[in-house]
Structure formats: structure tokens, C-alpha cells
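# Structural description and commentary
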Amino acid sequence: MTDKPEQPLSPQDALVALMIATSASDDTVRTAELVTIERIVNHLPVFAEYDVDRTRLVANLVFELFEEEDGLAALFGIVRNALPERLHETAYAMACDVAAADGVLGQPELRMLEEIRYELDIPRLHAAAIEQGARARHLTL
């Protein structure tokens, strides 16, 4: 991997990786999704000490993994190693916000969210509440 992070992924890197993976899951990274990722990274307390320059490295890692046959499984393995369990629902909420950012949830994004729910062991009732919150935040007139 050309731009592989030099150190293991931090919990914040793992959160960024899942947001980028959600955005890229439909083979199109939309501006609204990028703006949402940037807003989340710039404003949520979990990213207070995060070096935003790592975002590009993490994005490159995600894109490279998506090119590999078992890249998604590898990505989830990396994320599970880096992300404390107490941040699993936070990660899912961020992924939902990214998916909802452009107002369109296609099958690839829905499938990615389903994979994240499964891989991070998010209880279905909790996931439904998180999804409803994302929908409410991203409604338009």
C-alpha cells in the first residue's frame, strides 16, 4: 500500500475509515458526504486530539482495501482492532450520517450499513434508533 499509515490505526482513524467506506460503498464519493465527514471530524469531541492530516492516509487505505478481493473483511478486522467497543454505536451513528448526507440511500450504502451493524454487533433496536436520528437530522423541506 502506497500511503499506508505508519502506525496502527487509532480509534479516530477507525471512525474515519468507516465513514469513508460508507461514502465509497456506492462507488461515488459525493460532496455532501465529504462535507459531513469533515464536519464530524471538526466538531465532535471524540476527534478533539485527532490529526486531520491522517484523514487522507486513512482514505487511501480504505480505497486500496476496496480494490482487494477480501478488502472489506480486512477493513473490518482493522477497525475492530482499533475501535473500543464503547465507540461501536458512535461509529454506526457517524456512518449513518454520512449515508444520509446526500438524501439518497442506495442498496450499496444500505448493505454497507448492514455490514457495519453486523461487524460491530450493534443491537437491532439500537441501530433503528440511530438510523431514525440520522434520517431526522438530514430531512429537507
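Description of the structure in this document. (Residues numbered from 1 in each chain as written. Predicted model: local features only at pLDDT ≥ 70, side-chain atom pairs only at ≥ 80, totals over all residues. Heavy atoms only, no water.)

For helix 6 (residues 107-119), spanning 13 residues, the distance from its first C-alpha to its last is 18 Å, which sits close to the expected 18 Å at 1.5 Å a residue. Within helix 6, the full set of buried residues consists of Glu109, Met112, Leu113, Glu115, Ile116 and Arg117. In this structure, the buried side of helix 6 is in contact with helix 1 (11-24), helix 2 (31-43), helix 3 (54-67), helix 4 (71-82), helix 5 (88-100) and helix 7 (124-137). (Helix = DSSP H or I, 4+ residues; strand = E, 2+ residues; numbered from the N terminus. Expected span 1.5 Å × (residues − 1). Buried < 20%, exposed > 50% of the residue type's maximum accessible area, 1.4 Å probe, protein only. Contact = heavy atoms within 4.5 Å.)

Here we take up the packing of helix 4 against helix 6. Taken N-terminus to C-terminus, the directions of helix 4 and helix 6 make an angle of 45 degrees; their axes are 11 Å apart at the nearest point. For the element pair helix 4 / helix 6, the angle class is oblique. Between helix 4 and helix 6 the crossing geometry is right-handed. In this structure, helix 4 uses Leu72, Phe76 and Arg80 to contact helix 6, whose residues at the interface are Met112, Glu115, Ile116 and Glu119. The class makeup of the residues in the contact of helix 4 with helix 6 is four nonpolar, no polar and three charged. (Axes fitted to C-alpha atoms, helices over the stretch in contact; angles between N-to-C directions. Parallel < 35°, antiparallel > 145°, perpendicular 65-115°, else oblique. Left-handed = near helix turned anticlockwise from the far one by under 90°. Nonpolar A, V, L, I, M, F, W, Y, C, P; charged D, E, K, R; others polar.)

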